[in-house]
Amino acid sequence: LILLEKYPQFADKFDKWDEFDGEDWSCLLCEQPQFADKCDKWDEIDSEDWVELLCSQPQFADKCNKWEELDEQDWANLLSEKPQFADKCNWDSLKGIGWCRLLATQPQFADKCDWDKLDQDQWTDLLLKNPAYANKCDWKKIKYDHLLKKMLRKYPQFTDNFDYSELSERAMVKLCLV
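Throughout what follows, the structure given in this document is the object of discussion. (Residues numbered from 1 in each chain as written. Predicted model: local features only at pLDDT ≥ 70, side-chain atom pairs only at ≥ 80, totals over all residues. Heavy atoms only, no water.)

## Quick notes on the overall build of the protein chain
Stated precisely, the cut-off is as follows: Counting from the N terminus, the helices are DSSP H or I runs at least four residues long and the strands are E runs at least two residues long. Burial classes follow relative accessibility: with a 1.4 Å probe on protein chains only, a residue under 20% of its type's maximum area counts as buried, one over 50% as exposed, and anything between as partly exposed. Note on contacts: a residue pair qualifies if any of its non-hydrogen atoms lie within 4.5 Å across the two residues.
When you go through the protein chain residue by residue, the secondary structure sums to eight helices and zero strands. When the elements of the protein chain are put in sequence order from the N terminus, they spell out α-α-α-α-α-α-α-α. Looking at the protein chain as a whole, 47% of its 178 residues qualify as buried. Restricting the contact set of the protein chain to residue pairs at least 6 apart, pairs at least 24 apart contribute 34%.

So this is what it looks like as C-alpha cells:
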C-alpha cells in the first residue's frame, strides 16, 4: 500500500488489489485517485475514512453510501473543509462541539445552528474566535471562569451582556482585575 501511494508506477506489477480493505482503499485513493477503477470495496470504507477521502478527493462523493452514518465530528470536519456537502448533512446530528468547530470556519451555516445546543465553554470558545455571534448568545449560560475572563479581556464590549448577579464576591474582585 505505501509503495503504491508513493510510487504509483509499480501498479502494473501489483496483483493484490483484492486484499485491500476499506481503510486501505481510502488511504490509497487520497494519494492516488487514478486507482479508483480498481476499487471494489467502496461499501467497506467507514464513515471516518469517507470524511478523509472526501476532504482530499471530493469527486468520489457519488460513491459514498455512508452519509447517514456520519456523526457530529465527521460532519464538522467534512463541512469545515468541504462546505459543498451541506446538502447531505443531517443538521440535527450536530451538537455544541460540532457547531463550534464548524461555525469557526464556515459562518454561512449559522442560520442552521440550534444555538441552544451550545454550553458555556462552547459559547466562550466560539465568541473568542468570532465575536459576531454575540447577538445569538444566551448570556445567562455563561458563568465566570478563566475562559470568560479571557473573552472579556479580548472583547470588553461584551461586559454589558454578562449577568453579574450570580458572581461571588471573589469572582467580582477577579473580574475587576480584567
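Next, the rest of the story.
## A look at helix α6 (residues 120–129)
Selection rule: Within 3.5 Å is the distance limit for a polar contact, defined as a pair of N or O atoms, with the added protein rule that one can donate a hydrogen and the other accept it, and that residues adjacent in sequence qualify only through two side-chain atoms.
Of all 10 residues in α6, seven are buried; the element is thus mostly enclosed. Listed in full, the buried residues belonging to α6 are Q120, Q122, W123, T124, L126, L127 and L128. One side-chain oxygen of the residue at the start of α6 lies 3.1 Å from the amide nitrogen of D121, identifying that residue as D119.

## Some remarks on helix α2 (residues 22–31)
Residues of α2 that are buried include every one of G22, W25, S26, L28, L29 and C30, and no others. The N-capping residue of α2, defined by a side-chain oxygen 3.2 Å from the backbone nitrogen of E23, is D21.

## What to know about the environment of K88
Within the secondary structure, K88 is located in the loop between α4 (72–81) and α5 (96–105). Assessed through its relative accessible area of 39%, K88 is described here as partly exposed. Taking the C-alpha atoms as reference points, K88 and E68, separated by 20 residues in sequence, lie 8.6 Å from one another. Once you skip the residues sitting within four places of it in the chain, K88 turns out to touch W67 and W75.

## A closer look at the packing of aromatic side chains
Keep this limit in mind: Ring geometry is summarised as follows: Phe, Tyr and Trp rings, the Trp one being its six-membered ring, pair when their centres sit within 6.5 Å, and such pairs are stacked at plane angles under 30 degrees, edge-to-face over 60 and tilted between the two.
Scanning all chains against the criterion turns up 12 aromatic pairs. Ring centres of W91 and W99 lie 5.6 Å apart, and the angle between their planes is 15°; on these two criteria the pair is classed as stacked. This pair shows no difference in class: W91 is buried, exactly as W99 is. Geometrically, the ring pair formed by W91 and F109 is tilted, given 5.2 Å between the ring centres and 45° between the ring planes. With W91 in the loop between α4 and α5 and F109 in the loop between α5 and α6, this pair connects stretches of sequence that are 18 residues apart. In terms of burial, W91 and F109 fall into one category: buried.

## As for the pattern of salt bridges
Should the charged atoms of two oppositely charged side chains come close, the side chains can pair. Heads up, the condition is: Here, a salt bridge means any Lys or Arg side-chain nitrogen found within 4 Å of an Asp or Glu carboxyl oxygen.
Applying the stated criterion to the full structure yields one salt bridge. One salt bridge connects K129 with D125, and the closest N-O pair in it is separated by 3.2 Å. Of this pair, K129 and D125 are both found in helix α6, four residues apart, which corresponds to roughly one turn of the helix. Judged by relative accessible area, which is 30%, D125 ranks as partly exposed.

## A closer look at the packing of α4 against α5
Relative placement of two packed helices is described by the angle separating their axes and the distance separating the axes. The following threshold applies: To obtain an axis, a line is fitted to C-alpha atoms, over the contacting stretch when the element is a helix, and the angle between two such axes runs from 0 to 180 degrees between their N-to-C directions. An angle counts as roughly parallel when it lies under 35 degrees, as roughly antiparallel when it exceeds 145, as roughly perpendicular when it falls between 65 and 115, and as oblique in every other case. Under the convention adopted here, Pro, Cys and the residues Ala, Val, Leu, Ile, Met, Phe, Trp and Tyr are nonpolar, Asp, Glu, Lys and Arg are charged, and Gly plus all remaining residues are polar.
Two numbers describe how α4 lies on α5: the axes approach to 9 Å, and their chain directions differ by 0°. As judged from the angle between their axes, α4 and α5 are roughly parallel. Contacts between α4 and α5 involve E72, A76, N77, L79 and S80 from the first element and G96, I97, G98, W99, R101, L102 and T105 from the second. When the residues that make up the contact of α4 with α5 are grouped by side-chain class, the tally is five nonpolar, five polar and two charged.

## Considerations on the packing of helix α3 (residues 47–56) against α4
Running from amino to carboxyl end, α3 crosses α4 at an angle of 5°, the nearest separation of the two axes being 10 Å. It follows that α3 is roughly parallel to α4 by the angle criterion. Counting all contacts with α3, which are made through S47, E48, V51, L54 and C55, the residues of α4 involved are D74, N77, L78 and E81. Class assignment for the residues of the contact of α3 with α4 results in four nonpolar, two polar and three charged.

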